[in-house]
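Residues per chain are reported as follows:
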Amino acid sequence: MAPIVRPLDAAYLGDAAWGHRVTDHVGHAFERAAGAPLTGRNEVRMLIDAAGNFPVWLEAIAGARRYILFESYIIADDSLGHAFIDALAAKAKEGVRVLVAYDWLGSTKRRGAWSALRAAGAEIRAFNPPSFASPLAWLTRDHRKSIVIDGVRGFVSGLCVSATWEGNPRKRLEPWRDTGIEVRGEAVADLEAAFAQVWAACGGDELVLDPAPFEPVGDTRVRVIAGTPGSAGTYRTDLLVASLAREYLWLTDAYFVGTAAYTQALRAAARDGVDVRLLVPGASDIPAISPLSRSGYRGLLEAGVRVFEWDGTMLHAKTAVADHRWSRVGSTNLNLVSWISNYELDVAIENEAFAATMAEQYERDLQRATEIVLTPRNRVRKSDGVEAGGPKRAMSGSAGRAAAGAVSVGSALGAALTNRRTLGPAEAGLLSVVAALMAAVAVVAAWFPRVVAWPIAFLATWAGLSWAWRAVVLWRRRRTAAPVGAPPGAHPAGPPPPAGDSERAGGGGKKSDAAIIDDSRP
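No experiment lies behind these values; they were computed from the predicted model shown. (Residues numbered from 1 in each chain as written. Predicted model: local features only at pLDDT ≥ 70, side-chain atom pairs only at ≥ 80, totals over all residues. Heavy atoms only, no water.)

Caption draft 1: Structural view of the packing of aromatic side chains. Applying the stated criterion across every chain, the model contains 13 aromatic pairs. For the ring pair tryptophan 57 and phenylalanine 84, a centre distance of 6.0 Å and an interplane angle of 70 degrees mean the geometry is edge-to-face. Of this pair, tryptophan 57 sits in helix H2 (residues 49–62) while phenylalanine 84 sits in helix H3 (residues 79–93); the two residues are 27 residues apart in sequence, bridging distant segments of the chain. Grouping residues by exposure puts tryptophan 57 and phenylalanine 84 together as buried. Arranged with centres 5.9 Å apart and planes meeting at 45 degrees, the rings of phenylalanine 70 and phenylalanine 84 form a pair that is tilted. On the criterion of sequence distance, the pair formed by phenylalanine 70 in strand E2 (residues 67–72) and phenylalanine 84 in helix H3 is long-range, its members being 14 residues apart. Across this residue pair, the class does not change: phenylalanine 70 and phenylalanine 84 are buried. (Phe/Tyr/Trp six-rings, centres within 6.5 Å; stacked < 30°, edge-to-face > 60°. Helix = DSSP H or I, 4+ residues; strand = E, 2+ residues; numbered from the N terminus. Buried < 20%, exposed > 50% of the residue type's maximum accessible area, 1.4 Å probe, protein only.)

Caption draft 2: Quick peek at the side chain of threonine 140. In this structure, threonine 140 sits in the loop between strand E4 (123–127) and strand E5 (145–149). The class for threonine 140 is buried, based on a relative accessible area of 19%. A polar atom in the side chain of threonine 140 sits 3.5 Å from the backbone oxygen of serine 341. (Polar contact = N/O pair within 3.5 Å; in protein donor to acceptor, adjacent residues only side chain to side chain.)

Caption draft 3: Spotlight on the pattern of salt bridges. Tallied over the entire structure, the rule returns 20 salt bridges. Arginine 153 serves as the salt-bridge partner of glutamate 182, at 2.5 Å between the closest nitrogen and oxygen. Taken together, the residues span a long stretch of sequence, with glutamate 182 in strand E7 (residues 179–185) and arginine 153 in strand E6 (residues 153–157) at a distance of 29 residues. According to the relative accessible area criterion, arginine 153 is buried, its value standing at 11%. The residue glutamate 309 makes a salt bridge to arginine 294 at a minimum N-O spacing of 2.9 Å. Highlighted residues: glutamate 309 in strand E11 (residues 306–310) and arginine 294 in helix H8 (residues 289–295), separated in sequence by 15 residues. You can call glutamate 309 buried: its relative accessible area is 2%. Connected through salt bridges with shared partners, the residues Arg45, Glu59, Arg153, Glu182 and Arg184 form a single ionic network. (Salt bridge = Lys/Arg side-chain N within 4 Å of Asp/Glu carboxyl O.)

Caption draft 4: Just the side chain of lysine 318, in detail. Checked against the element boundaries, lysine 318 lands in the loop between E11 and strand E12 (319–322). Despite its burial, lysine 318 pairs with no opposite charge; the closest candidate is aspartate 253, at 5.7 Å N-O. Only 3.0 Å separates the side chain of lysine 318 from the backbone oxygen of histidine 316, close enough to count as a polar contact. Within polar-contact distance, the side chain of lysine 318 engages the side chain of asparagine 333 at 2.8 Å. (Lys, Arg positive; Asp, Glu negative; His and termini not counted.)

Caption draft 5: Examining the packing of H2 against H3 more closely. Between H2 and H3, whose axes approach to 9 Å, the crossing angle comes to 15 degrees. Here H2 lies roughly parallel to H3, going by the angle between them. Crossing geometry of H2 relative to H3 is assigned as left-handed. In this structure, H2 uses Phe54, Trp57, Leu58, Ile61 and Ala62 to contact H3, whose residues at the interface are Leu80, Ala83, Phe84, Ala87, Leu88 and Lys91. Residues that form the contact of H2 with H3 fall into these classes: 10 nonpolar, no polar and one charged. (Axes fitted to C-alpha atoms, helices over the stretch in contact; angles between N-to-C directions. Parallel < 35°, antiparallel > 145°, perpendicular 65-115°, else oblique. Left-handed = near helix turned anticlockwise from the far one by under 90°. Contact = heavy atoms within 4.5 Å. Nonpolar A, V, L, I, M, F, W, Y, C, P; charged D, E, K, R; others polar.)

Caption draft 6: Expanded view of the pairing of E2. Across the six residues that make up E2, a large majority, six, are buried. The two faces of E2 match: Tyr67, Leu69 and Glu71 on one face and Ile68, Phe70 and Ser72 on the other face are all buried. Two elements, E2 and strand E3 (residues 97–103), share six bridges in a ladder whose sense is parallel. Of the residues in E3, the one forming a bridge with glutamate 71 is alanine 101. Considered for its hand, the β-α-β crossover made up of E2, H3 and E3 is right-handed. Sheet topology note: the E2/E5 ladder contains five bridges and is antiparallel. Following the sheet pairing, phenylalanine 70 is matched in E5 by isoleucine 147. (Pairing = 2+ DSSP bridges. Right-handed = clockwise from strand over helix to strand, strands pointing away.)

So this is what it looks like as structure tokens:
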């Protein structure tokens, strides 16, 4: 008998029994792709821009009674950063346990910014400060933005703690366009686990919490995708969504530099009749990103993908909504730095009402955007001009976010050398600048070889010593390991390993093998 072939979207075609099985299979596919389980008893609320997020965060912090888990890529040394540090210090003085994880590269380095918070009793850890043992560790950053209050309320967003997001009317800088969410329910435990993951990566003791008994709220299905370097959970999920979308897939991203595989997935969906739209900044706070994003417009437009550029100061949101059912909000940008290198945090929501809210907000955003089109001569241009005298555009970003620009520039240069993809006219300026720099380096190397040789020798020595130190650490760990077959928790004979053996590069303090959350919830 010939096999029966049924379409993957049979769930939409009225075959209830088969549709149930297909839905089940798709659910398992999402869990495998994201590396995250689905929880079903949640409430999710969308929060828009600085005005919709920061006051709610401060209100939640003020209402904390047991503990606060606070994590942000940027905690700036400005009025907003001080307001949050003061709020956290006040709760620590009241006896609330306050734990703060911040990225060393993205956040303020001023010691005085943290002294008052530590003095109040808060526990503070910096992610990945510079380390001699890991010269290139700075490429991995903690790009997550999350808050958990008492185990019952959580926040995830693209917003950092910086007054930049509030804009500056005197300089005609509008508030940045960004999106966050508030989560209540089962998924809060997964947000805690994600925080514990970074807390352990920062070095020190395991995180042990005593959360309140779980109380089910709502019926929204939520999946917390805690991205770690090399895991690519959000990347695999995004590819899966692009493949499964049947009606529409609307994307918003701040630093879009899609891989060939992801761009091809969007093009294939559009050619299959899916309404694929991409909303990106009109001008980025990382100047190198805009030409790289625009270099990919032609292939998308030719396939039927609609591309829009934001007309305001800066678009920083990272969101997606598809087929009236699936949404994503978080910190992950559509580029390799976020997908592969950073610690990121996103929440995927499976709920029709929330998807409708996301779609309505997307349509409002398009009213402040300009569509990019192909002309009759097959040139890429804006569909109409932007009114003069409008808001000024973002011109500069943090040093940390420049890492994304550096990796993206490397992508363009690699493509130019290997011819693995077609370069766009927008990349001509970038290649010209790099070509001039390379010519200058060649001249210097020819006439003053020591100017080039000494830095190379220094870097080679640094790398060699770093690898040698790591080898010594691993050998010591092997010698002091418990014998094979020893009972769990058995200690090896002889002296304990040096503190450096359990130290994360750049982390400081003793590194735990795992982060533990004492959670008695069902």
